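If you want the building blocks of each chain, they are given just below.
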Amino acid sequence: AQSVTQLDSQVPVFEEAPVELRCNYSSSVSVYLFWYVQYPNQGLQLLLKYLSGSTLVKGINGFEAEFNKSQTSFHLRKPSVHISDTAEYFCAVSGNAGGYNKLIFGAGTRLAVHP
Amino acid sequence: DVKVTQSSRYLVKRTGEKVFLECVQDMDHENMFWYRQDPGLGLRLIYFSYDVKMKEKGDIPEGYSVSREKKERFSLILESASTNQTSMYLCASSRQTEAFFGQGTRLTVV
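Cut-off values and rules
- Residues numbered from 1 in each chain as written.
- Chains lettered and ligands numbered in written order.
- Predicted model: local features only at pLDDT ≥ 70, side-chain atom pairs only at ≥ 80, totals over all residues.
- Heavy atoms only, no water.
- Contact = heavy atoms within 4.5 Å.
- Buried area = accessible area lost by both parts, 1.4 Å probe.
- Salt bridge = Lys/Arg side-chain N within 4 Å of Asp/Glu carboxyl O.
- Polar contact = N/O pair within 3.5 Å; in protein donor to acceptor, adjacent residues only side chain to side chain.
- Helix = DSSP H or I, 4+ residues; strand = E, 2+ residues; numbered from the N terminus.
- Nonpolar A, V, L, I, M, F, W, Y, C, P; charged D, E, K, R; others polar.
- Disulfide = S-S within 2.5 Å.
- Buried < 20%, exposed > 50% of the residue type's maximum accessible area, 1.4 Å probe, protein only.

K.L.:
Quick question: what am I supposed to make of the interface of chain A and chain B here?
P.N.:
Much of the literature gives interface size as the accessible area that the parts lose upon coming together. Each side of the interface is counted separately: chain A has 22 residues, and chain B has 22 residues. For the pair chain A and chain B, the summed buried surface comes to about 1800 Å²; carbon and sulfur atoms form 55% of the total. Where chain A packs against chain B, one counts one salt bridge. Of the charged contacts in the structure, one is a salt bridge between lysine 49 of chain A and glutamate 98 of chain B, with a shortest N-O distance of 3.4 Å. Where chain A touches chain B, the interface holds six residue pairs in polar contact (both at pLDDT 80 or more). At the level of elements, β5 (31-38), β6 (44-50), β10 (87-97) and β11 (100-105) of chain A are the ones that each hand at least two residues to the side of chain A that touches chain B. In terms of residue count, the dominant contributor to the side of chain A that touches chain B is β11 of chain A (six residues). Of the residues in the side of chain A that touches chain B, the class split is twelve nonpolar, seven polar and three charged.

K.L.:
How should the state of the cysteines be read in this particular structure?
P.N.:
In protein chemistry, a disulfide is the covalent bond that joins the sulfur atoms of two cysteines. Residue and element names in this part refer to chain B. A full pass over the atoms with the stated rule returns two disulfides over all chains. What pairs with cysteine 23 in a disulfide is cysteine 91, and their sulfur atoms sit 1.9 Å apart. Taking the torsion about the sulfur-sulfur bond, which here is approximately -80°, the covalent link between cysteine 23 and cysteine 91 counts as left-handed. Taken together, the residues span a long stretch of sequence, with cysteine 23 in strand β3 (residues 19-25) and cysteine 91 in strand β9 (residues 87-94) at a distance of 68 residues. Across the pair, exposure class does not vary: cysteine 23 and cysteine 91 are buried alike.

K.L.:
What should I look at first to understand the pattern of salt bridges in this one?
P.N.:
Pairs may arise between side chains of opposite charge once their charged atoms sit close together. Per the counting criterion, the structure on display carries 13 salt bridges over all chains. Residue arginine 22 of chain A pairs with aspartate 8 of chain A through a salt bridge whose shortest N-O separation is 3.0 Å. Of this pair, arginine 22 of chain A sits in the loop between β3 (19-21) and β4 (23-26) while aspartate 8 of chain A is found in the loop between β1 (3-6) and β2 (10-14), placing the two residues 14 residues apart along the sequence. We classify arginine 22 of chain A as partly exposed; its relative accessible area is 33%. The closest approach of N and O atoms between aspartate 38 of chain B and arginine 36 of chain B, which form a salt bridge, is 2.9 Å. A relative accessible area of 13% places aspartate 38 of chain B in the buried class. By sharing partners, the salt bridges in this structure join Glu20, Glu66 and Arg77 of chain A into a single network.

Written out as structure tokens, the structure reads:
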């Protein structure tokens, strides 16, 4: 079985400060890892994904994430946030179990950027 | 552009009604998913389908059923709607490595 834990439900931060949103996962099979963003009253949009290869993954809007297999983590970072980054962020894991890929999400982290 | 279209953005239904939520994707994806999204709980998987007429239960299937008669369409059915099914419902489709989401249906059961 797969599961995802997002360690912070809310993260307040000032504009231009760095931010890290934490995500841990568990799985008995090899996984793909994702971060999605949901702006108010909108659907989910893919920020970045890890499939294989380099453990540092760069995404849209200046976000990046690092896959750490030994710590089963996939934390999302941005060196300098903007007001427009205020949104909810979801970490997700997908693994091939039984011949199909099941996509499981964490509970989400609400990022609030203050001026 | 991949498009996942959910038939309604907002729905209001009465307790005990049978409710159909429809989802259509245009990219020939094998996998389709239904989630419900509630504050503080994230997205919880209700059902998914990896092929026509194939379905698997997710984490919270109770009170729901699904239908996939054609590859592009995946329907979520609330057999007898209850107030605790008031939520945002999100449909997604994927081939392997990336899921694409619809805009969501906000269902209110009164």
